[in-house]
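These are the residues of each chain, in order.
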Amino acid sequence: MTDRPPFAETHVRLAHGAGGPAMRALIDAVFLGQTRDPAALARADAACLPFGDGFLVITTDAHVVSPPEFPGGDIGRLSICGVVNDLAMAGACDVAALTSCVVLEEGFPLETLRRLHASVERACAEAGAGARVVAGDTKVMRRGELDGVIFSTTGVAFANRVVRDDGLRPGDALLITGTIGDHGLTVLSARHGLGLEGELRSDVAPLNGLVKVALAAGGAQVHAMKDPTRGGVTGALTEMAEKAGVAVRLREAALPMTAAARAAAELLGIDPLIVANEGKALIAVAPEAAGTVLAALRAHPLGHAAAHIGEVVAGPAGELLLDTGFGTRRLVSRDADPLPRIC
Amino acid sequence: MCLGVPGQVQSVDGNTAVVDFFGVRRAVCLDLIEEPERPLVAGEHVLVHVGFAIRRIEPEDLEETLAFFASMSSEDLEGLTPPKPT
Amino acid sequence: MNPNPLQFRDPERGAALLRRLERAVDRAVARLGGPVSVMHVCGSHEQAIARYGLRARLPAGLDLRMGPGCPVCVTDAPEIDAAVALARSGLPVLTYGDMLRVPGTEMSLEDARAAGARVEVLYAATQAVEIARGTPGPVVFFATGFETTAVTTAALLLAEPPPPENLFVLSAHKWVPAAMEIVASDRRSRIAGYLAAGHAATITGFGLFEPFVARHGKPVVVAGFEPLDILAGLALLVEQIADGVARVENAFPRCVSHEGNQRALAALHRVFDTDVGEWRGIARVPDGNLRLRAAFAHRDAAVRFADRLAAAPAPTARANADDCICGAIMSGRADPADCPLFGRACRPDTPVGACMVSTEGACRIWLEHGP
């Protein structure tokens, strides 16, 4: 990987929140600086703490998205699914409890807030019995000090066995549970007022039910999981491969995409592999169990488009190569949020 | 140089058309389309750049391109399967 | 039968085209007694080549260069400084996403936004009209891009009914044939043929290149942007070199005709005039820039806000600027790896030359996708 310059920054930049190398550098330098706590140092989306004869799994997430409502979802649904999915990626599919903090800008329409809360409740219902908000906080900031609303959510679950995101092994099959790029391209189109109509919708959904099915089918042969949110499939796979010290090969022909997302990506000049997905998981599974897990995923409503998109191989840590059918492209995790291009 | 994307005209209203880009639709300005006296009709294909239709893609030009590819590589086909019709 | 791009991405047909290209390269290398260098003058060609990983599969004897065809690469700091000065003076500035992060002398438009200026990213020129309509005070559209994009700015200003009075244009549009002329006239250049950009030629027509070929005796092939388009274009180009001939060939008939889009060209020439340009790394390009004609002075932000532009920083040399060899890379005389700053002082997050800024810049693509 290219050498990482020492962290000598003096001020926060947008890139520090974009899910790429700059964000990881900020976390390592500022937040993990001196800690020796293994749970924190795992840098996983969810921390797994030994508890009784299993694990207490805990995660937290803050969501700021503009616009707060978009085709297929909104920031309320996103705040629940983001946390439920991070717990599920660790193998903790039965949520024990959730908390939700909402920070609002003075003047934020209450009618919108009611819609967002109803959406929170619907997402909790979809995520099963334990997924309910048991505590929370509300703050209001002066008009202009905040862009609309921030949802910050914490989730807790118990699990007998946990799956980490650094468990990739050479030979593993890489599966994705559905189509790529839907969320990011939908939000970009809404944010920039691009006026794209059609079946372009966010995929934001709770994945704990789907992951439970996959774990039931693959068990311990499911070696690693991660949901490709900020930074997209490229960001998530780069991080997984770096942590496990392995490389990844993908096949472009095998990447599932809806026609709407493919068209939007072409129109905007944006690589769908680097935009966020909010209802998809990347699963690394032993080759002999790949078929069984894939069939189990496809039988579930949220996994009907699941696909086997590549393999884990021995190689330089974090190297991601895509076979385009015409040659090979190296996929690089970006710092900056993707922008529509005209040329 | 410039991102241009082909699409199919769905409907025309004055100098605006709704164009389907094989999955999403978008309103497009027609102020730069050649031969304005021959109005664009639904079903025609256009090339679009930054919200403007800049070219009518005539069916015969398209055939010419595909025939062009077929002729170009016929000597090198050596048992390759013929192109899949869309 | 429709122009769905997917049918121009059939890997099997690509493999067949590659075999034909390999044969043509072998003949050309035999005739020239060494590798054959060809140049494409289009950022979107470089983007497509990188996206499909074509470079790695091209025959060893073919040296495919990226010329000055990406507006972000060639837009120089003073033009960015002008847009930044207007934004920092309190005027809303609208820009295409490509230009947001291009470094000016002191800051980019994204930095100006971070410092409180109102800078908005557009996807289409028509959005500028809507935003102007919804904004009380004057609004400046930082209009960038080559002829394909310049005609849309022209159409915007010529529209009936005209756009709202508060919409002004700061033009940084450019005209690529002028840059091709500079590169072709450079005696040190080893470029034996040119792949011309399909979408620009959709506007200008391929007839435009006939005097160029007559003057320089080098073949020009107009190509599209799908992998099959690029491979076919390269095969035709190298075959001409191997045969020792030079003519203009159109490998993109579905979008390009001999005369181009006359209506668009008329709009372009009604609104813009060519002007000498300072392109980043290539310096003076006679007729390289497109400037609003006097008849549109009432729309020209450079005229209307000349006082605020005076606040733009004097174009002092940027740190490391003198070591930056973007110009040589663009003109085919050097590779990104030859630059002392490449991958060190000049990285995607700390770009010095614009070839590192643009996701299509030759240096950015080499650093991220390998040579």
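If you're wondering where the values come from, they're calculated on a predicted model, not measured in any experiment. (Residues numbered from 1 in each chain as written. Chains lettered and ligands numbered in written order. Predicted model: local features only at pLDDT ≥ 70, side-chain atom pairs only at ≥ 80, totals over all residues. Heavy atoms only, no water.)

Draft legend 1. A nonpolar patch on the surface, seen in detail. On the surface, a cluster of nonpolar side chains totalling about 300 Å² of accessible area is made up of F7, V30 and F31 of chain A. Of note, V30 of chain A is situated in helix α1 (residues 21–31). (Patch = residues over 30% accessible without salt bridge, like charges linked within 9 Å, V, L, I, M, F, W, Y side chains within 5 Å. Areas by Shrake-Rupley, 256 points an atom, 1.4 Å probe, with all protein chains shown as cover. Salt bridge = Lys/Arg side-chain N within 4 Å of Asp/Glu carboxyl O. Helix = DSSP H or I, 4+ residues; strand = E, 2+ residues; numbered from the N terminus.)

Draft legend 2. Representation of the packing of aromatic side chains. Using the criterion set out here, one finds seven aromatic pairs over all chains in the structure. Each ring, one from F51 of chain A and one from F158 of chain A, has its centre 5.6 Å from the other, and the planes form 40°; the classification is tilted. Highlighted residues: F51 of chain A in strand β1 (residues 47–51) and F158 of chain A in strand β7 (residues 149–159), separated in sequence by 107 residues. For F158 of chain A, a relative accessible area of 47% gives the class partly exposed. Seen from their ring centres, F225 of chain C and F252 of chain C are 6.5 Å apart, and the 85° between their planes marks the pair as edge-to-face. (Phe/Tyr/Trp six-rings, centres within 6.5 Å; stacked < 30°, edge-to-face > 60°. Buried < 20%, exposed > 50% of the residue type's maximum accessible area, 1.4 Å probe, protein only.)

Draft legend 3. Layout of the sheet that holds strand β2 (residues 54–63) of chain A. Residues and elements named next belong to chain A. What the five strands build is an open sheet, ordered β1-β2-β7-β5-β6; its pairing is mixed. For this open sheet the edge positions go to β1 and β6 (133–141), each flanked by a neighbour on one side alone. Going across the sheet, the axis of each strand differs from the next one's by a mean of 15°, ignoring polarity. For strand β5 (residues 95–105) and β7, the ladder comprises nine bridges, and the chain directions are antiparallel. Bridging across to β7, C101 finds its partner in S152. (Pairing = 2+ DSSP bridges. Axes fitted to C-alpha atoms, helices over the stretch in contact; angles between N-to-C directions.)

Draft legend 4. Examining the side chain of T59 of chain A more closely. Residues and elements named next belong to chain A. Position of T59 among the secondary structure elements: in strand β2. Engagement of the side chain of T59 in a polar contact is seen with the backbone oxygen of D45, the distance being 2.6 Å. Residues contacting T59, with those up to four places away along its chain left out, are D45, A46, V83, D86, L87, T153, T154 and G155. (Polar contact = N/O pair within 3.5 Å; in protein donor to acceptor, adjacent residues only side chain to side chain. Contact = heavy atoms within 4.5 Å.)

Draft legend 5. Inspection of empty space enclosed by the protein at higher detail. All names here are of chain C. Within the structure shown, the criterion is met by three cavities of 30 Å³ or more. As a volume, the largest cavity reaches approximately 70 Å³. Contributing to the lining of the largest cavity are C324, C326, I329, C339, L341, F342, C346, G353, C355, M356 and C363. Going through the elements one at a time, α16 (326–330) and α17 (354–357) are the ones with two or more residues in the lining of the largest cavity. Grouping the constituent residues of the lining of the largest cavity by class yields 10 nonpolar, one polar and no charged. Empty space within the second largest cavity amounts to approximately 50 Å³. Considering the residues around the second largest cavity, the lining is formed by 11 residues, among which E147, V176, A197, A200 and F209 are closest to the centre. (1 Å grid on protein atoms, 1.4 Å probe; cavity = no way out; pocket = protein on both sides within 12 Å on 5 of 7 lines; lining within 4 Å. Points joined across faces, edges and corners; volume = space filled by probe spheres on them. Nonpolar A, V, L, I, M, F, W, Y, C, P; charged D, E, K, R; others polar.)

Draft legend 6. Quick look at the interface of chain A and chain C. Listed per partner, the contact involves 27 residues of chain A and 38 residues of chain C. Together, the buried faces of chain A and chain C total about 2900 Å²; carbon and sulfur atoms form 54% of this surface. Its largest share of buried area at the contact with chain C, chain A owes to F326, I342 and C343 of chain A, together 28% of the area lost on that side. At the junction of chain A and chain C, the tally comes to two salt bridges. Across the pair E266 of chain A and R51 of chain C runs a salt bridge, and its minimum N-O distance is 3.0 Å. (Buried area = accessible area lost by both parts, 1.4 Å probe.)

Draft legend 7. Main features of helix α12 (residues 227–243) of chain C. All names here are of chain C. The terminal C-alpha atoms of α12 lie 24 Å apart, and with 17 residues this matches the ideal 24 Å at 1.5 Å per residue to within 8%. Extensive coverage of α12 is indicated by the burial of 16 of its 17 residues. One or two steps after α12, the chain reaches G244, where phi turns positive at roughly 70°. (Expected span 1.5 Å × (residues − 1).)

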